[in-house]
Protein chains: 2
Amino acid sequence: MRKPRLMTPGPAMVPEEVLLELARPVIHHRSEEAKQVLVEVAEGLKRVFQTKNDVLILTSSGTGAMEAAVVNVVPPGGKAIVLNAGHFAARWVAICKAHGIEAVSLDTEWGQAVDPAQVAEALKQHPDAVAVFGTLSETSTGTGHPVKEIGEIVAKTDAVFVVDGISGVGAMECRQDDWKIDVLLAGSQKALMVPPGLAFVSVGPKAWAKINAFDSPSFYFNLKAAGAKAKEFDTPYTPAHTLILALRAALRQINAEGIENVWKRHERMSDACTAGLRALGIEPFSARPAEGLTAFVVPAGVKDSQIRGKVLERFGVTLAGGQGKIKGKIVRLGHMGYADELDVVATLAALEAALSELGVAVEPGKGVAAAQRVLLAKN
Amino acid sequence: MRKPRLMTPGPAMVPEEVLLELARPVIHHRSEEAKQVLVEVAEGLKRVFQTKNDVLILTSSGTGAMEAAVVNVVPPGGKAIVLNAGHFAARWVAICKAHGIEAVSLDTEWGQAVDPAQVAEALKQHPDAVAVFGTLSETSTGTGHPVKEIGEIVAKTDAVFVVDGISGVGAMECRQDDWKIDVLLAGSQKALMVPPGLAFVSVGPKAWAKINAFDSPSFYFNLKAAGAKAKEFDTPYTPAHTLILALRAALRQINAEGIENVWKRHERMSDACTAGLRALGIEPFSARPAEGLTAFVVPAGVKDSQIRGKVLERFGVTLAGGQGKIKGKIVRLGHMGYADELDVVATLAALEAALSELGVAVEPGKGVAAAQRVLLAKN
């Protein structure tokens, strides 16, 4: 037996009860029953995002939501500042480029958190920037960025702060309204515990003013159209409504646990994972690990593919490799959404066994024990 | 008991075996297992589309695929001819407008089939048109259009023929390569028997030449990126891969029946439905009914909402109303995908009961009998 454990930073594991919703007979997406699902989901998403905004539901992957934010907020020929600190942050630059938007790339070394002072400086240098595009949790490096502090800085300017929270929302503390995030994005397949196919865009008043000021060259991702429909608990086009039904079930679970407790669980998993790796002599890649995943540097003498291959083959544990310029240099261990502390302990145990078998000098049990100590102290 | 029968032109019913795939534990979308699903799905889609092209898979509703076709095929400022014969065909015009593309709207009365001779004339008048945007099955009017004949005409010009087959592919005979359709679109939630969330774009060589000639202002829907990834049985961004797994199961069923038999089944359902309605004195709305749905004119003395309400309340049968300018004037009865002849007979029986109760002079049994006669003759 190889019991599957999908410990990747998205798609992440989905609760059995949520999966079973997907096996239900398909209803019509414009029925009263479907509308009531959207009514409940709207409330649940607001709690998760900590916002009074309508949270718009797009049928797309998270990248679709990123493009929606770019093309609706920044007019063609406009300028934006990108907090570029990883593979996914770099996507903001690529999307801007595709649409003839000038992206001022504020580069931060991968694995480091963005420095809010540099954002303030960039905004001074570029007072004509319409938006600042940032990231809550950079999935490629496992880094959490100080979006609260950056939000305070951007709020003092005319620019809007757009945050990719695709792998962060629901895993890391993030309070959209209090933290002055004008547009916050999320994806279904990460901490929200649903399979991929849905993306979310929560738009605040300052951002709506930008959006309403011009006709965006977009149709499917037109946020004005989506915003108008959301007021009636509807969507402009046929949504992936069976995934929305699943989302309702997932949001019920999140609500039952309480979003603050969900954040704390992720913090515990993150701290335990980092402590466990350190006890094995393995270095976390990020200076500020994100709560939903832990990236670690591949130990000398082995390849990332050997580690991932071994834990998968021997134990059914799936881990992710690096992306872009750090491909082969790190391994990413996801602990978001439907993952608990015991999943982290189990994964560390698998990792210890795999590393031992690969000839890396680790002391089996040491990582697990360190993780357990964190969990006991933090309970 | 009200046994649900979703007789709408999308979302349509999904086979139980396909639904059960969606309840399986989520695997990683970049795993070998996920790739093998894409390999099999690629073959299955080619059979359904009757093409040698790679059929690109987008995570979006059908409208996303329409926008992808527009922005990738026609450069900004370019010109296109739209065969505008319904609510969804009109969407081609709206998408062109959103992107600064000139849409020459060739208007056909709703419910009538597009006249190929008019397309030939329009192409003569607009030799600079980059594309002709048409529809296989216009879902809003229940009309099948002569795309084979139009394909022959467009093929003689430099323009490419782009066909919205969202509700048509898998229901109506359509042979992309033989019929010279340069770009053919489909959606998951119609005749392909999967819940909504996936759209398909099959691009032929003449269209690739147009697409490769400029940098499209698109990122998520960039077909060059999707085309390159499809060669490796991959997608540029995280796809709704649990829906793709479901699609594999649906395509296996379609393949087991054989696509030609699937088309014939839809033709039988369409003919039986039309005959049944006519026997009750009810007029089909379309001069050329599409194989996947039958639209009929609301009889005098009742409202469409009364008919739909009655069949739903009494029998659990869901029908759809009209859209756009014919809202309230027609009812649409879907028989696509996971629908068989007995579903049509059952729905006609429900309709007879509902109309009788609403005081419309119909003779119960007469519609059903007429439908049965068609089915017996066509078996």
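These figures come from a predicted structure and were not determined experimentally.

### Describing the overall build of chain A
For chain A, the count of helices and strands is 13 helices and 14 strands. A compact globule built from 379 residues should have a C-alpha radius of gyration of about 21 Å, and chain A, at 21 Å, falls within 12% of that. Projected onto its principal axes, the C-alpha positions of chain A cover 60 × 55 × 35 Å. Buried residues in chain A amount to 63% of all 379 residues. Excluding contacts between residues fewer than 6 apart, the proportion of contacts in chain A whose partners are at least 24 apart in sequence is 72%. Accessible surface computed for chain A: about 13700 Å², of which carbon and sulfur atoms make up 52%. Where the 41 positive side-chain charges of chain A centre and where its 41 negative ones centre are 2 Å apart.

### Re the sheet that holds strand β3 (residues 79-84) of chain A
All names here are of chain A. Overall, mixed pairing links the seven strands, which are arranged β2-β10-β9-β8-β5-β3-β4 in an open sheet. In this open sheet, the two edge strands, each paired with only one partner strand, are β2 (55-59) and β4 (102-107). Ignoring which end each strand starts from, the neighbouring axes of this sheet average 20° apart. Across the sheet, helix α3 (residues 62-73) touches β2, β5 (129-135), β8 (160-164), β9 (183-187) and β10 (198-203), and the angle it forms with β9 is around 160°.

### Description of unusual backbone geometry
Residue Pro11(A) follows Gly10(A) across a cis peptide bond; omega there is -10°. Its identity as a non-glycine residue notwithstanding, Lys180(B) has a phi of 60°, on the positive side. You can see Lys180(B) is positioned in the loop between β8 (160-164) and β9 (183-187). A relative accessible area of 37% places Lys180(B) in the partly exposed class. Even without being a glycine, Phe233(B) presents a positive backbone phi close to 55°. Its location among the elements puts Phe233(B) in the loop between α8 (223-230) and α9 (241-257).

### Thoughts on the relation of the copies chain B and chain A
If you rotate chain B by 180° and push it 0.0 Å along the axis, it lands on chain A with an RMSD of 0.0 Å. The transformation just described matches what one would write down for a two-fold rotation axis. The overlap is high: 100% of the interface residues of chain B also sit at the interface in chain A, so the same surface is used on both sides.

### Examining the sheet that holds strand β14 (residues 330-334) of chain A
Residue and element names in this part refer to chain A. Reading across from one edge, β11-β14-β13 is the order of the three strands in this open sheet, with antiparallel pairing throughout. Looking at the sheet topology across the chains shown, the edges are occupied by β11 (293-297) and β13 (320-321). The pairing of β13 with β14 spans two bridges and is antiparallel. Opposite Gly321, over in β14, you have Val331 as the bridge partner. Contacts from helix α10 (residues 259-279) reach β11 and β14 within the one sheet, and its direction differs from that of β11 by about 15°. Taken strand by strand, helix α11 (residues 304-315) contacts β13 and β14, and its axis lies near 35° from that of β14.

### What about the nonpolar core?
Counting residues in each nonpolar core, the largest one holds 189 residues, and the members touching the most others are Leu45(A), Phe200(A), Leu45(B) and Phe200(B). Residues Leu185(A), Phe221(A), Leu223(A) and Ile101(B) belong to the second largest nonpolar core, which totals 70 residues.

### What about the pattern of salt bridges?
All names here are of chain A. Within the structure shown, the criterion is met by 34 salt bridges over all chains. Ionic pairing is found between Lys46 and Asp54, a salt bridge with its closest N-O pair at 3.7 Å. Between Glu173 and Arg175 there is a salt bridge, and its shortest N-O distance comes to 2.8 Å. Under the relative-accessibility criterion, Glu173 is labelled partly exposed at 35%. Under the relative-accessibility criterion, Arg175 is labelled buried at 17%.

### Some points on the packing of helix α7 (residues 205-212) of chain B against α8(B)
Residue and element names in this part refer to chain B. Closest axis-to-axis distance for the α7/α8 pair is 10 Å, and the angle between their directions is 125°. It follows from the interaxial angle that α7 and α8 lie oblique. Residues Trp208, Ile211 and Asn212 of α7 form the contact with α8, whose participating residues are Leu223, Lys224 and Gly227. Residue composition of the contact of α7 with α8, by class: three nonpolar, two polar and one charged.

### Observations regarding the packing of aromatic side chains
Scanning all chains against the criterion turns up eleven aromatic pairs over all chains. Between Phe219(A) and Tyr237(A) the ring centres are 5.6 Å apart and the planes differ by 25°, which places this aromatic pair in the stacked class. With Phe219(A) in the loop between α7 (205-212) and α8 (223-230) and Tyr237(A) in the loop between α8 and α9 (241-257), this residue pair connects regions lying 18 residues apart in the sequence. Taken as a pair, Phe219(A) and Tyr237(A) share a single burial class, namely buried. Ring geometry for Trp92(B) versus Phe133(B): centroids 4.5 Å apart, planes at 25°, classification stacked. One end of the pair, Trp92(B), is in helix α4 (residues 87-98); the other, Phe133(B), is in strand β5 (residues 131-135), with 41 residues separating them in the sequence. As far as the burial class goes, Trp92(B) and Phe133(B) line up, both buried. Among the aromatic residues, ring-to-ring pairing joins Phe219(A), Tyr220(A), Phe221(A), Tyr237(A), Phe219(B), Tyr220(B), Phe221(B) and Tyr237(B) into one connected group.

### Some details on the interface of chain B and chain A
In this complex, chain B contributes 45 residues to the contact, which on the side of chain A involves 45 residues. When the two sides are added together, the surface that chain B and chain A hide from each other amounts to roughly 3300 Å², 73% of it contributed by carbon and sulfur. If you sort the residues of chain B by the area they bury against chain A, Val26(B), Phe219(B) and Tyr220(B) come out on top, with a joint share of 18%. Seen at the junction of chain B and chain A, the total is six residue pairs in polar contact (both at pLDDT 80 or more). Secondary-structure elements contributing two or more residues to the side of chain B that touches chain A are α1 (16-22), α3 (62-73), α4 and α9 of chain B. Examining the composition of the side of chain B that touches chain A, we find that four residues originate from one element, α4(B), more than from any other. Its residues assigned to classes, the side of chain B that touches chain A comprises 24 nonpolar, 18 polar and three charged.

Conventions used here
Residues numbered from 1 in each chain as written. Chains lettered and ligands numbered in written order. Predicted model: local features only at pLDDT ≥ 70, side-chain atom pairs only at ≥ 80, totals over all residues. Heavy atoms only, no water. Helix = DSSP H or I, 4+ residues; strand = E, 2+ residues; numbered from the N terminus. Rg over C-alpha atoms; globule rule 2.2 N^0.38 Å. Buried < 20%, exposed > 50% of the residue type's maximum accessible area, 1.4 Å probe, protein only. Contact = heavy atoms within 4.5 Å. Areas by Shrake-Rupley, 256 points an atom, 1.4 Å probe, with all protein chains shown as cover. Lys, Arg positive; Asp, Glu negative; His and termini not counted. Charge placed at Lys NZ, Arg CZ, Asp CG, Glu CD. Pairing = 2+ DSSP bridges. Axes fitted to C-alpha atoms, helices over the stretch in contact; angles between N-to-C directions. Least-squares fit on C-alpha atoms with pLDDT ≥ 70 in both. Core = buried A, V, L, I, M, F, W, Y, C linked by side-chain atoms within 4.5 Å. Salt bridge = Lys/Arg side-chain N within 4 Å of Asp/Glu carboxyl O. Parallel < 35°, antiparallel > 145°, perpendicular 65-115°, else oblique. Nonpolar A, V, L, I, M, F, W, Y, C, P; charged D, E, K, R; others polar. Phe/Tyr/Trp six-rings, centres within 6.5 Å; stacked < 30°, edge-to-face > 60°. Buried area = accessible area lost by both parts, 1.4 Å probe. Polar contact = N/O pair within 3.5 Å; in protein donor to acceptor, adjacent residues only side chain to side chain.

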